[in-house]
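Architecture and fold: a report
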Amino acid sequence: MGMGVDVRNRIAKRAAQEIKDGMIVNLGIGIPSLVLNHLPDDIQVMFHSENGVLGIGPTPKKGNEDPDLCNAAGLPATTVKGASYFDSTISFGIIRRGYLDVTILGSLEVSETGDLANWIVPGKRVPGIGGAMELSQKAKKVIVVMSHVNSNGQPKILAECSLPLTAKACVNLIITDMAVIEVTKKGLLLKEIMPPYSVQDVLENTSAELIVDI
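Residues numbered from 1 in each chain as written. Predicted model: local features only at pLDDT ≥ 70, side-chain atom pairs only at ≥ 80, totals over all residues. Heavy atoms only, no water.

Here we come to the sheet that holds strand E13 (residues 210-212). Taken in spatial order, the ten strands line up as E4-E3-E2-E1-E5-E8-E10-E11-E12-E13 in an open sheet, and their pairing is mixed. A single partner strand is all that each edge strand has here, and the edge strands are strand E4 (78-85) and E13. When the angles between neighbouring strand axes are averaged without regard to direction, this sheet yields 30°. Bridge count between strand E11 (residues 179-184) and strand E12 (residues 187-193): six bridges; the pairing is antiparallel. Of the residues in E12, the one forming a bridge with Thr-184 is Gly-187. (Pairing = 2+ DSSP bridges. Helix = DSSP H or I, 4+ residues; strand = E, 2+ residues; numbered from the N terminus. Axes fitted to C-alpha atoms, helices over the stretch in contact; angles between N-to-C directions.)

Residues Leu-173 and Ile-175 of strand E10 (residues 173-176) are buried on one face, and the alternating residues Ile-174 and Thr-176, pointing to the opposite face, are buried as well. Of the strand pairs in this sheet, strand E8 (residues 142-146) and E10 are connected by four bridges, and their pairing is parallel. What sits directly across from Val-145, in E10, is Ile-175. Sheet topology note: the E10/E11 ladder contains three bridges and is antiparallel. Across the sheet, the residue bridging to Leu-173 is Glu-182, located in E11. Counting the residues that bridge the hairpin from E10 to E11 gives two residues. (Buried < 20%, exposed > 50% of the residue type's maximum accessible area, 1.4 Å probe, protein only.)

Secondary-structure assignment places Thr-176 in strand E10. Polar side-chain contacts of Thr-176 include one of 2.9 Å to the backbone nitrogen of Met-178. Discounting chain neighbours no more than four positions away, the residues touching Thr-176 are Ile-11, Met-146, Ser-147, His-148, Ile-157 and Met-194. (Polar contact = N/O pair within 3.5 Å; in protein donor to acceptor, adjacent residues only side chain to side chain. Contact = heavy atoms within 4.5 Å.)

This is the structure in C-alpha cells:
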C-alpha cells in the first residue's frame with residue numbers, strides 16, 4: 001500500500017521539526033530526502049550525504065538540475081553556502097566518529113526495543129544494508145520515517161522484527177502516516193496522532209505494546 005505525495009510530505013514535514021539550528025544531519029533515501037524541503041528559512045543546518053557532500057540543499061526546480069550533483073539516492077540536489085566535497089573514506093569517517101547529530105532513515109520494520117530492519121533482499125531497488133548499518137549505530141539520534149503498515153496491510157512496528165536487522169536498539173523516534181512514537185526504556189510511547197487517524201486506529205495497526213501519552 002503505497003503512500004501519496006501529500007502523505008509522504010506530511011511525514012517529512014513532521015520529521016523536520018526534530019531538526020534544530022546548527023545540526024549536522026544525514027538523510028536516507030525515499031521520504032527522508034524530502035525533509036530538507038520543509039525546514040524554516042531561519043534554520044541553518046548542514047546536510048551530510050554518504051556520496052561525499054556536506055551541505056546538501058533543497059531539491060532543484062525542474063530545469064535547474066546539475067547533472068554532476070546528486071544526493072545519496074542519486075537524485076538531483078543543490079548545495080548551500082559553505083558546502084564541501086570529499087571521497088567516501090572522509091564521508092564515512094564523519095559517520096564513524098559520531099559527528100552526525102541526527103540521521104533520518106526509512107524502514108521496513110521497527111521493534112519495540114528500537115531494533116531497525118530497513119534493507120531489502122537482493123534484486124530489489126535497494127540491494128543491501130548500505131550506509132544505514134553505520135548511520136543507525138553512530139548518529140546521536142536516529143529517526144525512522146515510514147508507512148505504519150506494509151503493502152499487505154500488516155503492521156511494521158512489532159514486538160520483534162521478522163526481517164534481518166540493520167542494527168539493534170538504535171531507533172529513538174518513529175514517525176509514520178498514523179503516529180509519532182518515541183522509543184523509551186519503558187517501551188514505545190505514543191506521543192501524537194496524525195489526522196485523520198485515532199488512537200484506536202494506531203493500536204489496531206501496531207503489533208507491539210504502546211504507552212499512550214496524548
